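# Structural characterization, general
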Amino acid sequence: MVSCGALHSFLFEYDTARIVLIRSRKVGLINRAVQLAILAYVIGWVFVWEKGYQETDSVVSSVTTKVKGVTLTNTSALGARIWDVADYVIPPQEENTVFVMTNVIITQNQHQGRCPELPDDTTECKVKNNCVPGYVSTHSNGIQTGECVPYNNSVKTCEVFAWCPVEDDYHVPKPAFLQGAENFTILVKNNIWYPKFNFSKRNILPTINSTYLKNCVYDSQTDPFCPIFSLGKIVEAAGQNFQEMAVEGGVMALQINWDCNLDRAASHCVPKYSFRRLDNKDSAHTVSPGYNFRFAKYYKDSNGTESRTLVKAYGIRFDIIVFGKAGKFDVIPTVINIGSGFALFGVATVLCDIVVLYCVKKKYFYREKKYKYVEDYELGVSETYGTNS
Amino acid sequence: MVSCGALHSFLFEYDTARIVLIRSRKVGLINRAVQLAILAYVIGWVFVWEKGYQETDSVVSSVTTKVKGVTLTNTSALGARIWDVADYVIPPQEENTVFVMTNVIITQNQHQGRCPELPDDTTECKVKNNCVPGYVSTHSNGIQTGECVPYNNSVKTCEVFAWCPVEDDYHVPKPAFLQGAENFTILVKNNIWYPKFNFSKRNILPTINSTYLKNCVYDSQTDPFCPIFSLGKIVEAAGQNFQEMAVEGGVMALQINWDCNLDRAASHCVPKYSFRRLDNKDSAHTVSPGYNFRFAKYYKDSNGTESRTLVKAYGIRFDIIVFGKAGKFDVIPTVINIGSGFALFGVATVLCDIVVLYCVKKKYFYREKKYKYVEDYELGVSETYGTNS
Amino acid sequence: MVSCGALHSFLFEYDTARIVLIRSRKVGLINRAVQLAILAYVIGWVFVWEKGYQETDSVVSSVTTKVKGVTLTNTSALGARIWDVADYVIPPQEENTVFVMTNVIITQNQHQGRCPELPDDTTECKVKNNCVPGYVSTHSNGIQTGECVPYNNSVKTCEVFAWCPVEDDYHVPKPAFLQGAENFTILVKNNIWYPKFNFSKRNILPTINSTYLKNCVYDSQTDPFCPIFSLGKIVEAAGQNFQEMAVEGGVMALQINWDCNLDRAASHCVPKYSFRRLDNKDSAHTVSPGYNFRFAKYYKDSNGTESRTLVKAYGIRFDIIVFGKAGKFDVIPTVINIGSGFALFGVATVLCDIVVLYCVKKKYFYREKKYKYVEDYELGVSETYGTNS
């Protein structure tokens, strides 16, 4: 055949499969049933339920927080003392997290110098030789001078060069020093953005007015969209006990879920808040249970020598974790799903063919109608077969 | 048929559909047209446009920033004062964000003690009974002692135990205290990584030399790849007024978009910078417009009593938001798309069959050719039908 | 045909393609081979290798860190001095990162006042006129007063109003001031969460007991799951030299990879640690090599005037970068892949048809069997053709 003719036939001929049309209630119904099932699956599950027709994007977020509240403490060491935001939020601002000090061990007037190390199986000593000059371990407060000096009337420990006196954090104040923190509140401002759809929204919804914001406190039932949270309620919502947690500190997650279906009105895209505790409670599995860190305030005496107040701050760190996916109709996933759904229809045919050709009573009769046998070697046979096609 | 024979036929027989080949210009052309459309879609749209053949990965990023600039202020309270980085960047370093103080309310020499609360509809009082000892609200600076003391000549307010004197932040300095901040610059160093492709790159491109870096300032037109940004220009690029924003502070996003097609040369993968304001402007919808936080500097007098300077810092927080997707050829998505695209060809056949069997003039003739009717019940009919197949 | 009849036939008729069954070893084998290849691909590659049957989710993570270690320095300026966590970790806590100071330039007793600027091609002067009152550049420490004063015996520079004396950071201490930092350790606590599967886990595995945690140090070979890292080892693992890096500082990534197959037991989902250096080493391509920032400690003299100690802190910032994907069986991707894999079988048929109809010796014979030609215009031909179908 010349290429021109080939082109001609390619363009102007249409070939379609020859069909055996079997008038059989049973087989016909089976066929339609299977097709229906597949159709139901593709439409119902893939499209309606799993939104297979949507393109998705994950959230880009920015968070700012503001803590409010004051509390009073009264101890022999410090006397009556008021604590406000500037005192208990350290550092004063962070990106997606805020730390509220709930318990504290304060070591005042530390100077660089020599003093006995904390008693401990490695640091206690009887005589000078027990101490190695220059020795320092992971847990030591300073570098050993090699002397063995009395820590108190009963115990002698190796002398160290360190910030003296060294911090004694054996006894964590219990109940927590800043119990009042339970009533503090956090205002969380969250601005999210879906780059792919250029859709942005804030967790302070347009429907909220400032008078409401002044007084509301988040409650999953009554105020699900109020962005002001009481510390106590957050911890409680995570199934924890605030006063317990306050003693050794901990890490809480304030999760904001922004799952949005952008095929619907933007007003349906709202934040869902949830709370989790992130640090491991069972102290068996952690070297330092809870959450704490040390920092110092530095002072200078009139004669210019530096001293510091060492603060071991136990507290609760609130990580604001923003996550979520937005979905919006898109051609690609739609067609991919249609295409492969369509392909599944082939399954229906395959199944029914099996039924027709192997299961039903008259299978031989049907086979004869469906198939036309062609021998590779001698033609006669194929002809004879051919006749009854 | 014995299973061996079944295997034999399974292996050595090939069954292909029997075709009716219709020599019809109309139908032939329709068929090819539909097929062409589908092919064009699959190739043009899915592959060329949406890069359906690519596997994607989202960015992992690390950011460091460095602010430069000094400015002079001159007020009766503080006298002439110079502000440098160590003074106005708080905290000195953060992970993906940097805060530049632009306005400030300073309350010096606060001591723990008793003093009148700020006047306010809840705190003003005429007589002692108006004040509840121990009362504290979200907005109070301290805990009420129960006394009613003069705040100034005209007003009396409840006395509180607090850091005294309490901060008076009614009047925010206007214009902003550190107007000069407009000319400060930020150097942003960003290192990104696509784990799936183990591809990493920095926003300081290899083509940039250090002399250029010393003097360049980002400009979307002239210097799109200079990583040094003038604060004023960032705010301006977001359509905001710096001096206005400086008064009450705000949150800006410095967005770095790293959309990369890794099938092309790495040199084509470059950052795109954009700027947005993240906090809500219209003060109707927010309890605390702009952005500010409090921190304190602690001092000790010669006699050891602690005092502090409370700083309410208004300023602009610059969040460096890095996002983007990298795409690279991968077999899976390619085959998925080809497969489902291929499946769509079935649609062409279905359409044309409908045309041939229901629309064209000679449909009955074609049907007769295409179909072979087989009655389930009595054979005779099927035979008669059979003949003209 | 009446619609009722149409429905009847739609429901109770089953149409299946008529098949030419060719008894040919060659073609039969080709067909099965191609089908096998496709099957092998779909199952082996898409499903087994690339887990095409899984739905994936990306990780949500929270990190806390704790540094331990003390070191001694001895310089003429500061004398013997001990450095502990509160001294060298700045700020005391951050979200996903921790900064350890390794080198430092300290400028003590700075007061607001007038002093000579650092010598530099722009600031050196011979006479008053060289200096512009009020001039300030990006790199200046203060605002020029217009005077030209002696910086030292040899050089005169423009006088500036600034924190005086101005910092001289020409000479970075070498070796690094806090060499000892090499032996410090970081404890990294990481809690991850896959929202879609509501699966969470910590990097402190249940199998780890606290006695082990007290003493272990991460080692890729011997202790791959110990969450305590020696700074020296981290830098070394990234192929860097700690003492070199300590001088000018740098940024390290401590990467935690949480790729999990949630179809298997949760115990198989474990963190993989890796280390990278994030800042650019070759100083040719960066204005400020390494990593450093400035902060100040503020003091008040007995007479109330404020002074500060300016600290230029060089150090290593450790960014804990958590990433990974979790996969779990899901119906959607499975069916999509099956569907399109199924569609690929069509390819097998197409290929074999080409072979049968164009390549083999008896192609004309096969064609005649497969096709039935139907002329659009005159019937006679089609009939004659018809006969040998």
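Everything below is about the structure printed above this text.
Residues numbered from 1 in each chain as written. Chains lettered and ligands numbered in written order. Predicted model: local features only at pLDDT ≥ 70, side-chain atom pairs only at ≥ 80, totals over all residues. Heavy atoms only, no water.

## Some points on helix 8 (residues 363-370) of chain A
- Burial of helix 8 of chain A is extensive: six of the eight residues sit out of reach of the surface.
- Those residues of helix 8 of chain A not exposed but buried are Lys363, Phe365, Tyr366, Arg367, Lys369 and Lys370 of chain A. (Buried < 20%, exposed > 50% of the residue type's maximum accessible area, 1.4 Å probe, protein only. Helix = DSSP H or I, 4+ residues; strand = E, 2+ residues; numbered from the N terminus.)

## Quick word on the packing of aromatic side chains
- The final tally for this structure, using the stated rule, is 42 aromatic pairs over all chains.
- Between the aromatic rings of Trp83 of chain C and Phe177 of chain C, the centroid separation amounts to 5.8 Å while the plane-to-plane angle is 90 degrees, which identifies the pairing as edge-to-face. Placement of Trp83 of chain C in strand 6 (residues 79-83) and of Phe177 of chain C in the loop between strand 9 (156-164) and strand 10 (185-194) is noted, with a sequence separation of 94 residues between them.
- The ring centre of Tyr298 of chain C lies 4.0 Å from the NZ or CZ of Lys297 of chain B, which sits over that ring.
- Directly above the aromatic system of Tyr299 of chain A lies the positively charged group of Lys300 of chain B, at a separation of 4.7 Å from the ring centroid. (Phe/Tyr/Trp six-rings, centres within 6.5 Å; stacked < 30°, edge-to-face > 60°. Lys NZ or Arg CZ within 6 Å of the ring centre and 35° of its normal.)

## As for the pairing of strand 10 (residues 185-194) of chain A
Residues and elements named next belong to chain A.
- With 10 of 10 residues buried, strand 10 lies mostly within the body of the structure.
- Across nine bridges, strand 4 (residues 60-68) lies against strand 10 in antiparallel orientation. Bridging from a neighbouring strand, Val67 pairs with Ile186 of strand 10.
- With three bridges joining them, strand 10 and strand 12 (residues 228-230) adopt antiparallel strand pairing. Looking at the pairing, Thr185 lines up with Ser230 of strand 12.
- Between the end of strand 10 and the start of strand 11 (residues 199-202), which pair antiparallel, lie four residues, with Asn198 showing a positive phi angle near 45 degrees. (Pairing = 2+ DSSP bridges.)

## Topic: the interface of chain C and chain B
- Facing 88 residues of chain C, the contacting portion of chain B comprises 73 residues.
- Taken together, both faces of the contact between chain C and chain B bury some 7,600 Å²; the carbon and sulfur share is 55%.
- Between the two partners, chain C and chain B, sit four salt bridges.
- On inspection of chain C and its partner chain B, the count reaches 18 residue pairs in polar contact (both at pLDDT 80 or more).
- Of the residues assigned to the side of chain C that touches chain B, the class counts are 42 nonpolar, 24 polar and 22 charged.
- Of the strand pairs in this sheet, strand 1 (residues 13-17) of chain B and strand 2 (residues 19-23) of chain C are connected by five bridges, and their pairing is antiparallel. Bridge pairing in strand 2 of chain C places Ala17 of chain B opposite Ile19 of chain C. (Contact = heavy atoms within 4.5 Å. Buried area = accessible area lost by both parts, 1.4 Å probe. Salt bridge = Lys/Arg side-chain N within 4 Å of Asp/Glu carboxyl O. Polar contact = N/O pair within 3.5 Å; in protein donor to acceptor, adjacent residues only side chain to side chain. Nonpolar A, V, L, I, M, F, W, Y, C, P; charged D, E, K, R; others polar.)

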